[in-house]
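Listed here are the chains, written in short residue letters.
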Amino acid sequence: MKGFTTNHKLLSGASIAGLILIWHSAAWLLKEPLILPSPRDTLLNLLMLSGTRDFWRHLGSTLGRGLIAFGLSFLIAIAIGIPAGKSKSMDVLLRPLLVCLRSTPSMSFIILALLWFRGGNVSFFVITLVVLPVLIQNIIEGTRSIDPELREMAIVYQVKKSRLLWKVDLPSMLPFLAASVSSGLGLTWKVSVAAEVLAYPTWGIGTQMDTARIYLQTEKVFAWTIAVIIIGLIFDYLADYLLRRPFAIWKGTKDV
Amino acid sequence: MYKAEGISKSFGELKVFHELTVEFPVAKITAILGPSGCGKTTILKIMAGLSEADEGTVVSTKLVGFLFQEPRLLPWLNIYQNLELVLEDKLPAQERDYAIKNSLQAVGLGEYYEYYPSQLSGGMKQRAAMARAFSYPAQLLLMDEPFKSLDLKTRFQLISDFLRWWVQKSNTVVVVTHDVKEAVWLGDRILVLSARPARLIECFQNDISLEARMDGEVSFRLEEAITKAILKS
């Protein structure tokens, strides 16, 4: 089992190395850093940027807004998703709304938000509307996955409602919650940068990217992109560690 | 005396039983025998308050222990926590701890309380479920074919463990089964029900002592009489 995971790590390392190699070769062949900077220049730029205080402030602002909006959406999704998972009629009522929200281009939300709000508030609004349907869908499915036999056991033994939620329902849903956190956060970073590019809050990665574009600092656009990818990877790993690992232990696929 | 008097229950067009009366004397084990689908489980669910009868009156109690066919343990809680979950607001902390450890001992899982269900065998999981029912402060214990999915040896051991516990506690127990031997091993009274819609065909008194019940030669006659009653229905 251990050899298998090491093998997996090697494989994912190789895929990233391959990607960098292709990028490097393309940059080397093109010799146009304004169009495609080399991985080396990008990395140097990222290192230089990360030495400044402003870099962390921009990063922190985007991160903070993203996390607050995501957290809020998550709470709303739980409040709506659990009842919808339990009641067929509420699900039927909700489904067209979710399809509408999911089919609306993110850009429509951003443009509307630009008309209605200013700066950072645009991000809050857009993230919530884009992430919410994905989260609700996952939570509805998670609620349906709760084992009715376990609930029946808890009910016959008169386990209190609040404890039923914490000890029976939510842990049953954990794999689905993990999936929703993972996909929802991925969307959060994408959408919040897009919103910032247009909304131009004083502090934010999107603002920095667009400024770099205006001054043709392509390597800076790449450097910020790499920074966003790293954020995504870190949070994906955290969600996996916190939410999927305990599940593997319960299922007996991991040693305690 | 706990009882269900004149109860009727239908699922849509399907009439499970009609004006059925079954009685469960206090401090006795009543075994219910009957063909599949005759509503044995439904009777237990009605007694437990999980389901309501369409008609009739039910005399039950507020706290009811229940041993299901499957262990129904929460995979994310260890054995101790699984038992603790159902006791949390029924017993004060110290008493709870004692009840949990005591009942785990009684089923031979004294060393296993930190184990997760996934680390235990099928028989051990059912033992843990039995410990949960034992630790629960209920006067009435309902059991729905709890030994059905176990191999013969484990089944025999679990039934012995159960009877040893019961001798100390003398709870009122209702056990549903469709195994005649099991009914004779366990039941002080054995109710034989007919196929749907279920009627009470016969009620057997089992006067054989607990120790002698598992001896085939002693219980043979009673088993035969019950088998005849079932075949006649």
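Residues numbered from 1 in each chain as written. Chains lettered and ligands numbered in written order. Predicted model: local features only at pLDDT ≥ 70, side-chain atom pairs only at ≥ 80, totals over all residues. Heavy atoms only, no water.

## Some thoughts on the domain arrangement of chain B
All names here are of chain B.
Okay, step 1: In terms of domains, chain B is made up of domain 1 (2-63 + 138-232) and domain 2 (72-137).
Okay, step 2: The straight-line distance from the C-alpha centre of domain 1 to that of domain 2 is 25 Å.
Okay, step 3: Residue-level contacts link 13 residues of domain 1 with twelve residues of domain 2.
Okay, step 4: Here domain 1 packs against domain 2, burying approximately 1,100 Å² in sum over the two surfaces, 66% of which is carbon and sulfur.
Okay, step 5: At the junction of domain 1 with domain 2, the criterion picks out four residue pairs in polar contact (both at pLDDT 80 or more).
Okay, step 6: With six residues, helix α5 (residues 152-169) is the largest single contributor of residues to the side of domain 1 that touches domain 2.
Okay, step 7: Of the residues that constitute the side of domain 1 that touches domain 2, the class distribution is nine nonpolar, three polar and one charged. (Domains from an automatic or database assignment. Contact = heavy atoms within 4.5 Å. Buried area = accessible area lost by both parts, 1.4 Å probe. Polar contact = N/O pair within 3.5 Å; in protein donor to acceptor, adjacent residues only side chain to side chain. Helix = DSSP H or I, 4+ residues; strand = E, 2+ residues; numbered from the N terminus. Nonpolar A, V, L, I, M, F, W, Y, C, P; charged D, E, K, R; others polar.)

## Digging into the packing of helix α3 (residues 53-86) of chain A against helix α4 (residues 88-103) of chain A
Residue and element names in this part refer to chain A.
Okay, step 1: Running from N to C, α3 and α4 point in directions that differ by 125 degrees, and their axes come no closer than 5 Å. Viewed along their axes, α3 and α4 adopt a mutual orientation that is oblique. Note on packing geometry: the crossing formed by α3 with α4 is left-handed. On α4, the residues that touch Ile 80, Pro 83, Ala 84 and Lys 86 of α3 are Lys 88, Met 90, Asp 91 and Leu 94. (Axes fitted to C-alpha atoms, helices over the stretch in contact; angles between N-to-C directions. Parallel < 35°, antiparallel > 145°, perpendicular 65-115°, else oblique. Left-handed = near helix turned anticlockwise from the far one by under 90°.)

## Overview of the interface of chain B and chain A
Okay, step 1: Each partner contributes to the interface: chain B provides 27 residues, whereas chain A provides 20 residues.
Okay, step 2: Taking both partners together, chain B and chain A bury about 2,200 Å²; carbon and sulfur atoms supply 62% of that area.
Okay, step 3: Interface area lost by chain B to chain A is led by B:Arg72, B:Trp76 and B:Leu85, which between them contribute 31%.
Okay, step 4: Summed over the shared surface of chain B and chain A, the number is six salt bridges.
Okay, step 5: Its salt-bridge partner being A:Arg163, residue B:Asp89 comes within 2.7 Å of it at the nearest N-O pair.
Okay, step 6: Counting the contacts that link chain B with chain A gives eleven residue pairs in polar contact (both at pLDDT 80 or more).
Okay, step 7: Going through the elements one at a time, α1 (40-48), β5 (64-67), α2 (79-87) and α4 (122-135) of chain B are the ones with two or more residues in the side of chain B that touches chain A.
Okay, step 8: If one sorts the elements of the side of chain B that touches chain A by residue count, β5(B) sits on top with three residues.
Okay, step 9: Of the residues that constitute the side of chain B that touches chain A, the class distribution is 16 nonpolar, three polar and eight charged. (Salt bridge = Lys/Arg side-chain N within 4 Å of Asp/Glu carboxyl O.)

## Description of the pattern of salt bridges
Side chains that differ in charge, positive against negative, can pair when their charged atoms come close.
Okay, step 1: One pass over the structure, following the stated rule, counts 26 salt bridges over all chains.
Okay, step 2: With its nearest N and O atoms 3.8 Å apart, the salt bridge here joins A:Arg40 to A:Asp41.
Okay, step 3: A:Arg40 sits in the exposed class, given a relative accessible area of 57%.
Okay, step 4: A relative accessible area of 31% places A:Asp41 in the partly exposed class.
Okay, step 5: Between B:Arg72 and A:Glu152 there is a salt bridge, and its shortest N-O distance comes to 2.6 Å. Taken together, the residues B:Arg72 in the loop between β5 and α2 and A:Glu152 in helix α7 (residues 148-156) connect one chain to another. Here the two residues B:Arg72 and A:Glu152 agree in accessibility, since each one is buried.
Okay, step 6: Taken together, the shared-partner salt bridges connect A:Glu149, A:Glu152, B:Lys45, B:Glu70 and B:Arg72 into one network. (Buried < 20%, exposed > 50% of the residue type's maximum accessible area, 1.4 Å probe, protein only.)

## Quick notes on unusual backbone geometry
Note on backbone geometry: most residues besides glycine have negative phi, and most peptide bonds are trans.
Okay, step 1: Residues B:Arg196 and B:Pro197 are joined by a peptide bond in cis, for which omega reads -20 degrees.
Okay, step 2: With respect to the helices, strands and loops of the structure, B:Pro197 is situated in the loop between β8 (189-193) and β9 (200-205).
Okay, step 3: One non-glycine residue, A:Lys31, adopts positive backbone phi at about 50 degrees.
Okay, step 4: With respect to the helices and strands, A:Lys31 occurs in the loop between α1 (2-30) and α2 (39-50).
Okay, step 5: Of the residues examined, A:Lys31 reaches a relative accessible area of 58% and is grouped as exposed.

## Thoughts on the environment of B:Leu158
Residues and elements named next belong to chain B.
Okay, step 1: On the secondary structure map, Leu 158 appears in helix α5.
Okay, step 2: When its relative accessible area of 0% is taken as the criterion, Leu 158 is described as buried.
Okay, step 3: Residues Leu 158 and Ala 183, 25 residues apart in the sequence, show an inter-C-alpha distance of 14 Å.
Okay, step 4: Not counting residues up to four positions away in its chain, the partners in contact with Leu 158 are Gly 123, Gln 126, Arg 127, Met 130, Phe 147 and Leu 150.

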